[in-house]
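Structure assessment
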Amino acid sequence: MNKETRRLSIIKKRYRQENMFKFSAIFAIIIASSFLVFFLANISKTGYTAIQQTEILTEVTYNDATLKNTYRAVPRELSRLLSRGFLRLIPREVKANPELMGTTVTRWIVANAEVDQYMKEKPNRLKSKQIAIIEKLRAEGKIKKTLNTGFFYNGDSKLPEIAGILSAVVGTIYVMFLTMLFSVPIGVMTAVYLEEFAPDNWFTRTIEVNINNLAAIPSIIFGLLGLAIFINIFGVPRSSALAGGLTLALMTLPVIIITTRTALSSVPDNIRQGAQGVGASPWQVVWHHVLPLSLPGILTGSIIGLAQAMGETAPLLIVGMLAYIPEAPTGITDAATVLPAQIYTWSATSLRAYTERTALGIMVLLSVLLMLNAAAVMIRNKFERKW
Amino acid sequence: MLKVLLYFFIGVLPLCYMAFYLGRKKARTGELESGERFHSRPAQYGWYTVIWMAVPSLVISFIFTILGSSKIFAVPYSMHISTLLVLAAGGLWFSLKNIGSDLKARNFIENTIKVMLVTASLVSIITTIGIVISILFESMKFFSHVNFFDFITGTKWSPDTAFLEGAGRDGSSASKPEFGSVPIFAGTFMVTLIALFVAVPIGLLSAIFMSEYATPKMRGLAKPILEILAGIPTVVYGFFAAITVSPLVVQTAEMLGFEADYTNALSPGLVMGIMIIPFVSSLSDDVINAIPQNLREGSLALGMTRSETMKHVIIPAALPGIISAVLLALSRAIGETMIVVMAAGLRPNLTWNPLEGMTTVTVRIVDALTGDQSFDSLETLSAFGLAFVLLMVTLILNIVSSVVIRKFRKQYD
Amino acid sequence: MEKNIKMKSEALNFYYGDFHALKDINLTFPEKHVTALIGPSGCGKSTYLRCFNRMNDLIKDIKVEGGIYLDSQEIHDPKLDVVELRRRVGMVFQKPNPFPKTIYENIAYAPRIHGLVSKGSEMDDLVESSLIKAGLFDEVKDRLKSQASALSGGQQQRLCIARALAMEPEVLLMDEPASALDPIATQKIEELIYELKERLTVIIVTHNMQQAARVSDYTAFFYMGELVEVGDTSTIFTNPTVKKTEDYITGRFG
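Residues numbered from 1 in each chain as written. Chains lettered and ligands numbered in written order. Predicted model: local features only at pLDDT ≥ 70, side-chain atom pairs only at ≥ 80, totals over all residues. Heavy atoms only, no water.

Quick word on the overall build of chain A
Where we set the bar: Segments assigned H or I by DSSP are reported as helices when at least four residues long, segments assigned E as strands when at least two residues long, and all are numbered from the N terminus. Values of the radius of gyration come from C-alpha atoms, whereas the globule rule sets the reference at 2.2 Å times the count of residues to the power 0.38. Throughout this description, buried means an accessible area under 20% of the type-specific maximum (1.4 Å probe, protein chains only), exposed means over 50%, and partly exposed covers the range between.
Each helix and strand counted, chain A has 17 helices and three strands in total. At 29 Å, chain A has a C-alpha radius of gyration far larger than the 21 Å of a compact globule built from 387 residues. Dimensions along the principal axes, computed over C-alpha positions, put chain A at roughly 85 × 80 × 40 Å. Taking all 387 residues of chain A together, the buried fraction comes to 51%.

The following block contains the structure:
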């Protein structure tokens, strides 16, 4: 009987251990999930205020005196509360529309970052006198927070209140276009060669080992490659979308090769044999049968590879894409920046007003990436064939 | 960009179509006149003509462009164009002349395609060679100034004097620049170690949860969460580490009576740990699932609980795979750049205290290459020296990891 | 002679999702005898076997109705712990599945976890006696510390039997234990089964009719999830009452 009670106590102990183990496994996944929730909540909390922008209703006078000193165009007490970005544009406005000369217009104008921070109840460097003016404006309904559309149609700026992501978005589009242009065809061709044509010899094995190693090389090393080869040897302009696109293309290549190979190898051999049986040449087998059947897989892999490239920053910093780019680039050799690099440069500035914009930029970037990945998953689920 | 596209659409494409049309027509009329069937289909003769006309001239044009942009030899524009025209016309003439009943146009096309495919797969080899050469070459320059042994064992990193030299100031009055990389590698080591302390237990236990305890529904929820963690750009993690985690760490340390820098090694380490959880968990999940079911049943049939089966049978059997997963995660952490650039310090600091600011290899590389230094300055070159070591370490980790996992897979195939 | 009933199933129904895999099975297993379950592939005999130590619990979407009794105790009774059940009802699988550990550790694993022995020397004795019972001791006594994977297939399977015996089970379930082995190894396993029944109750699933005839005292014939016929092995093989059994035994289908 003593033996029996001992055995029972052992079983009890073992179940305690089992529960502990199970609990810690669940705990691990809970930590990971709650990190994600905390992280997303934190970014949103930091960034959502940037959706709004403070504007002040004021009179703008257009005459010779105000053209010389644009601070005079608005009431004196307001001149230090409005964005210098707007005041600077007054001469250009008059040039574009000469009828404005000699008139006084009452309109809403973007306030500067300090006022904006004050209105959002965040730390700011306003003096008490200025705060009094703002409170007076608030009482008169002459200050308001509106939708921050400028964030999407302005380029970068040294003034946080008028800094936007337009130039970075255009840069990202250029870079991604170039990345896709180089990496997808070359990647798919390599995969087709390795999977369908390559004989099993040392050359093929070298390429395979090499691709696996390339996939594991830190991204920053690709930046060094881009700097040393594309920029210093081939004379590609520094900071250009071309330099960034080529660098990211090489970085994305292994991802596309590996996923395409998986897609190709999931096409069963009897399809190939059937096509060969009716006299198709090796290339016709691939072009008419294997490639169309594996297209969804190739597409999914390419999207995932490009999404990865889209979030990449380190190699682009090395090829100089962290430059200050207020205007959207118009060509692939113009200096450009991309969204992640813009996020980096903004987060490196000491001005607090940039923080919320950085976070909003992150939200934009994350949404785009999420959509890309969702598209990839949808393609996979919709077209994936079970053989 | 637009110009190139324009040339392509109004120049190259119509020319190609013309060649195709001529080749196909010649084959068709040939078949009709002679009454015999040619070796290949008429359209294939059309493609044959296109290849002969376009490929040589495009290749030459590409080579000329490369020569020009790399400033080896700038081919004059007139010469470039005339060469192209001669080549294209010659190719067209030659191919049209050759078309006849015995010409194996289909085989020619297939071979051309194969050559193109092989060329494409050479790009990845050339990339590797490019990486090795560019980094080796530049780091050689660096190591001709700085003794490799001093670089590996030195404990003082003060390139500032090198900066003065690079900026044109006389360096003789200043002290000699020192490039002892130990403090930098120590920083990388510290951050990586913290990351592994976070990622290995959480990642492994998550994998165990998903393969052993989760219902399909929970698995369907947990897997995307981990995948999202893997898909967040590193610059975003970096922002989070710098803006949120660092102040938290500093406050917590203060509460506990410690002193912490805002550029402490702990915050980037923690965040990096979260970042590499998916690497550990997804690979471990794979290997745990690769363990044959009968091993699991064998243990359960002996009256083992799930955790006992896990601890005594599955994990020991899956250990090589798990080790290889950890090595991959380690290599990823060592090469990770943005998190440390944004949240770790710039100052090399040899310490065991993770609350102090430390710098890492990747931070120094970025710092050296994004400054306003000339490309040949010693500090710029030092980035390549560091990158060389980084490349070697990650390559070795990757190779060891893939050897281990291959052995593991062989065992259970 | 009235025999002691060690295990029995009463009105057992088993479903994989919507699929009715076992239909109303009533069957008893006399103590210290060998009962063979035969039938064509997919007839449910393995599923039935795996009910006795609740191995089917691992599969999702299953449903069990009816009762299974071990010494008159219902095995799904919450009071009977599944861990304890599996200790008392051991199992040997179709493919040998030794753990990737040493021979010694393979056997010592279960007794250690179940707390069957307390001292190291006792463990040595238990390992030795289990190996002797499984007829493997002479072949491996010099290399107890080497890896189990180094053994041949037949030796691995006997190691798995020794591993189960080390828990001192009362019932041993064997799921086609010799189907992956060569004839000589099979013969050794069959001899072993014959010896085992002096100590415990054996339920064996087999594809091989001759094997059933050689090793078992009773035979139950399953077809399409139903128990067609059960009886003394000699009766079943020489004079079955149901036509289907005869057809199967004489090799007309299956």
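Next comes the rest of the write-up.
Things to note about the overall build of chain C
The following threshold applies: Two residues qualify as a contact provided that any one of their heavy atoms is within 4.5 Å of a heavy atom in the partner residue. Areas reported as accessible are Shrake-Rupley estimates using a 1.4 Å probe. Residue values count occlusion only from the protein chains shown. Only four residue types enter the tally: Lys and Arg on the positive side, Asp and Glu on the negative side; His and the chain ends are excluded. Positions of charges follow a simple convention, taking NZ of Lys, CZ of Arg, CG of Asp or CD of Glu.
Per the secondary structure count, chain C includes ten helices and ten strands. For 254 residues, the compact-globule estimate of 2.2 N^0.38 gives 18 Å, and chain C sits close to it at 18 Å. Oriented by its inertia axes, the alpha-carbon framework of chain C measures out at about 55 × 40 × 40 Å. Counting across all 254 residues of chain C, residues that qualify as buried make up 57%. Counting contacts in chain C only where the partners sit at least 6 residues apart, residues at least 24 apart contribute 68% of the total. Of the roughly 10900 Å² that chain C leaves accessible, carbon and sulfur atoms contribute 48%. Side-chain charges of chain C comprise 31 positive and 36 negative groups, with the mean position of each set lying 3 Å from the other.

Observations concerning unusual backbone geometry
Notably, Glu121(A) is not glycine yet its phi reads approximately 60°, a positive angle. By secondary structure assignment, the location of Glu121(A) is in the loop between helix H6 (113-119) and helix H7 (128-140). For Glu121(A), a relative accessible area of 73% gives the class exposed. The phi angle at Ser72(C) is positive, at roughly 65°, despite the residue not being glycine. Assignment of secondary structure puts Ser72(C) in the loop between strand S4 (62-70) and strand S5 (73-74). Look at Ser72(C) and you get exposed, because its relative accessible area is 67%.

Let's talk about the sheet that holds S5(C)
The pairing of strands in a sheet comes from backbone hydrogen bonds and takes either a parallel or an antiparallel form. Worth spelling out the cut-off: Strand pairing is assigned whenever DSSP identifies at least 2 bridges connecting the two strands.
With antiparallel pairing, the four strands of this open sheet are ordered in space as S2-S1-S4-S5 (chain C). The open sheet has two free edges, formed respectively by strand S2 (19-30) and S5 of chain C, since each of these has just one partner strand.

Considerations on a nonpolar patch on the surface
Filter applied, for reference: Distance thresholds for patches are 9 Å for like charges and 5 Å for nonpolar side chains (Val, Leu, Ile, Met, Phe, Trp, Tyr), applied to residues having over 30% relative accessible area and no salt bridge. For salt bridges, the criterion is a side-chain nitrogen of Lys or Arg within 4 Å of an Asp or Glu carboxyl oxygen.
On the surface, a nonpolar cluster with roughly 470 Å² of combined accessible area is contributed by Leu15(B), Tyr17(B), Met18(B), Tyr21(B) and Leu22(B). Turning to its location among the elements, Tyr17(B) is positioned in helix H1 (residues 2-34).

Comments concerning the packing of aromatic side chains
All names here are of chain B. Convention followed: Aromatic pairing here means that ring centres of Phe, Tyr or Trp (its six-membered ring) are within 6.5 Å. Orientation follows from the plane angle: under 30 degrees is stacked, over 60 is edge-to-face, and everything else is tilted.
If you walk through the whole model with that rule in mind, you get 32 aromatic pairs over all chains. On the numbers, 5.5 Å between centres and 65° between planes, the contact of Phe20 with Trp47 is edge-to-face. In this pair, Phe20 sits in helix H1 while Trp47 sits in helix H2 (residues 42-69), placing the two residues 27 residues apart along the sequence. Here Phe20 falls in the buried class, since its relative accessible area comes to 14%. An aromatic cluster is defined as three or more aromatic residues linked by ring pairs; in this entry it consists of Phe142, Phe143, Phe148, Phe151, Trp157 and Phe179.

Section: the domain arrangement of chain A
All names here are of chain A. Using the following cut-off: Boundaries between domains were set according to an automatic or database domain assignment. Simply put, the buried area is the total loss of 1.4 Å probe accessible area from both parts when two parts are fitted together.
Domain boundaries assigned for chain A yield domain 1 (49-148) and domain 2 (166-383). Between domain 1 and domain 2, the C-alpha centre-to-centre distance is 44 Å. Each side of the interface is counted separately: domain 1 has twelve residues, and domain 2 has six residues. Around 680 Å² of area is buried between domain 1 and domain 2 when both sides are counted, 53% of it from carbon and sulfur atoms.

Some remarks on the interface of chain A and chain B
We count it as follows: Any pair of N or O atoms that falls within 3.5 Å is considered a polar contact. Within protein, one atom must be able to donate a hydrogen and the other to accept it, and sequence-neighbouring residues count only if both atoms are side-chain atoms. Each residue gets one of three labels, nonpolar for Ala, Val, Leu, Ile, Met, Phe, Trp, Tyr, Cys and Pro, charged for Asp, Glu, Lys and Arg, and polar for the others, Gly among them.
With 75 residues of chain A in contact, the opposing surface of chain B contributes 80 residues. For the pair chain A and chain B, the two sides together bury roughly 6700 Å², of which 78% comes from carbon and sulfur. Scanning the region where chain A abuts chain B turns up one salt bridge. Across the pair Arg14(A) and Glu308(B) runs a salt bridge, and its minimum N-O distance is 2.7 Å. Inspection of the chain A/chain B interface yields 13 residue pairs in polar contact (both at pLDDT 80 or more). Here the element with the most residues in the side of chain A that touches chain B is helix H1 (residues 2-47) of chain A; it accounts for 19 residues. Grouping the amino acids of the side of chain A that touches chain B by side-chain chemistry returns 53 nonpolar, 18 polar and four charged.

Remarks on the sheet that holds strand S3 (residues 34-38) of chain C
All names here are of chain C. Rules: To obtain each axis, a line is fitted to C-alpha atoms, and for helices this fit is confined to the stretch in contact; angles are then taken between N-to-C directions over 0 to 180 degrees.
Strand order in this open sheet of six strands is S6-S7-S8-S3-S9-S10, and the pairing throughout is mixed. Two strands bound the open sheet, and with one partner strand each, they are strand S6 (89-92) and strand S10 (226-232). Going from strand to strand, the sheet's axes swing by 15° on average, the running direction of each strand aside. Pairing analysis gives five bridges linking strand S7 (residues 171-175) to strand S8 (residues 201-205), with the strands arranged parallel. Of the residues in S8, the one forming a bridge with Leu173 is Ile203. The strands touched by helix H6 (residues 153-165) within the sheet are S6 and S7, with S6 carrying the most contacts at an inclination of about 170°. Most of the contacts of helix H7 (residues 183-196) go to S8, to which it runs at about 145°, and overall it touches S3, S7 and S8.

A few points about the interface of chain C and chain A
When the parts come together, some accessible area is lost, and that loss is often what is quoted as the size of the interface. Counting residues at the interface gives eleven residues for chain C and seven residues for chain A. Summing both partners gives a buried area of about 790 Å² for chain C against chain A, and 43% of it is carried by carbon and sulfur. Counting the contacts that link chain C with chain A gives zero salt bridges. Where chain C touches chain A, the interface holds two residue pairs in polar contact (both at pLDDT 80 or more). Counting only elements with at least two residues in the side of chain C that touches chain A, the list comes to helix H2 (82-88) and helix H3 (103-114) of chain C.

So, the packing of H3(C) against H6(C)
All names here are of chain C. Keep this limit in mind: Oblique is the label for any angle not under 35 degrees, not over 145, and not in the 65 to 115 range, which are roughly parallel, roughly antiparallel and roughly perpendicular in turn. Put simply, a crossing is left-handed when the front helix is turned counterclockwise from the back one by less than a right angle, and right-handed when it is turned clockwise.
It is the contact of H3 with H6, at a shortest axis distance of 7 Å, that shows an interaxial angle of 30°. Classified by the interaxial angle, the pair formed by H3 and H6 is roughly parallel. Our pair here, H3 against H6, has a crossing hand that is right-handed. Contacts between H3 and H6 involve Ile103, Asn106 and Ile107 on the former and, on the latter, Leu159, Ala162 and Arg163. Tallied by class, residues from the contact of H3 with H6 come to four nonpolar, one polar and one charged.

Observations regarding the pattern of salt bridges
Residues and elements named next belong to chain A. A full pass over the atoms with the stated rule returns 35 salt bridges over all chains. Across the pair Glu135 and Arg138 runs a salt bridge whose closest N-O atoms are separated by 3.3 Å. Taken together, the residues Glu135 and Arg138, both in helix H7 and three residues apart, mark about one turn of the helix. Look at Arg138 and you get partly exposed, because its relative accessible area is 38%. Asp269 is the partner of Arg272 in a salt bridge, and the nearest nitrogen-oxygen pair spans 3.0 Å. Pair noted here: Arg272 and Asp269 are both in helix H13 (residues 269-277), with a separation of three residues, about one helical turn. Judged by relative accessible area, Arg272 falls into the buried class, the value being 12%. Residues joined in a network through salt bridges with shared partners are Asp116, Lys120, Lys122 and Glu356.

What to know about the packing of helix H7 (residues 182-213) of chain B against helix H10 (residues 266-290) of chain B
Residues and elements named next belong to chain B. Relative orientation of the contacting elements H7 and H10 amounts to 35°, with a least axis distance of 6 Å. Judged by the sense of rotation from one axis to the other, the crossing of H7 with H10 is right-handed. Residue composition of the contact of H7 with H10, by class: 21 nonpolar, eight polar and one charged.

Looking at H7(C)
Residue and element names in this part refer to chain C. Threshold: Any helix carries an expected span of 1.5 Å times its number of residues minus one. Within this analysis, the arc is defined by the directions that extend from the helix axis to the C-beta atoms.
Here H7 spans 20 Å end to end across 14 residues, near enough to the 20 Å set by a 1.5 Å rise per residue. Every buried residue of H7 is accounted for by Ala185, Thr186, Ile189, Glu190, Leu192, Ile193 and Leu196. The arc that holds the buried residues of H7, viewed along the axis, is 160°, so those residues lie on one side. Within H7, the exposed residues directed more than 90 degrees away from the buried face are Pro183, Ile184 and Tyr194. Of the surrounding secondary structure, the elements contacted by the buried residues of H7 are S3, helix H4 (120-133), H6, S7, S8 and helix H8 (209-215). Near the N-terminus of H7, the side chain that reaches the backbone nitrogen of Ile184, with its oxygen 3.1 Å away, is that of Asp182.

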